[in-house]
Amino acid sequence: MSTGTAVLADPHVVTCTLAPRFEAVRTAREFARSTLHGWGLGDLFDDVSLVASELVTNALRHALGARRDECSPATAGHPPRRPGTLQGSDEFLPIRISLVHREAQVVCAVSDPSSTGPVAREPDFVAESGRGLHLVDSFSRSWGWHPLAGAGKVVWAMFEAGPGPVEAPAGRHRRSA
């Protein structure tokens, strides 16, 4: 995983910090593949990978992209950005993807620096974008988002999985009302 750093404290809760580059989407898929296969849940990869790709793409496009636009006048004197990176993105909270396996469920959660929640747009079948959250809704059992203390948010999607660890569920991820 060339653009991310994985953290492992609980083998059923794993997180990868993603670099603010377009390659982060590929890194998120690789992270999902290796994690799900490690849990013996490789059959979930297609659905989780698609949802992870959409959530990370949204974070790059809307959270970091919006921050880039907000800070573009302030970055006028800075050196040119590295190819494949998002301008101004090093100054803000990172994007993280987490996978949680509890009981018979897997949660894929992506946190980003924007406090603005995702909004599903009306489907436009000729537009090049705007269908991501509809895909997330179609391929996951449920999804939602929560603001984070201070700044940022986490967008999550839940999937049905095989039997998991015997510990009680942590209850960290709940759908917003």
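To be clear, the structure that these remarks concern was listed above.
J.: Mind showing me how you'd approach the overall build of the chain here?
T.: A count of helices and strands for the chain gives three helices and six strands. Residue burial in the chain is summarised as follows: out of 177 residues, 42% are buried. Long-range pairs, those at least 24 residues apart, make up 63% of the contacts in the chain between residues at least 6 apart in sequence.

J.: Is there a simple way to think about the pairing of strand S6 (residues 153-160) in this case?
T.: Remember that side chains alternate between the two faces of the sheet whenever the strand is regular. Burial runs high along S6: seven of the eight residues are buried. By the bridge criterion, eight bridges tie strand S4 (residues 105-112) to S6 in an arrangement that is antiparallel. Bridged to Asp112 within S6 is Lys153. Pairing geometry for strand S5 (residues 142-147) and S6, over six bridges, is antiparallel. In the sheet register, Pro147 faces S6, and the bridge partner there is Lys153. Between the antiparallel neighbours S5 and S6 lie five residues, among them Gly150 with a positive phi of about 90 degrees.

Definitions and cut-offs
Residues numbered from 1 in each chain as written. Predicted model: local features only at pLDDT ≥ 70, side-chain atom pairs only at ≥ 80, totals over all residues. Heavy atoms only, no water. Helix = DSSP H or I, 4+ residues; strand = E, 2+ residues; numbered from the N terminus. Buried < 20%, exposed > 50% of the residue type's maximum accessible area, 1.4 Å probe, protein only. Contact = heavy atoms within 4.5 Å. Pairing = 2+ DSSP bridges.

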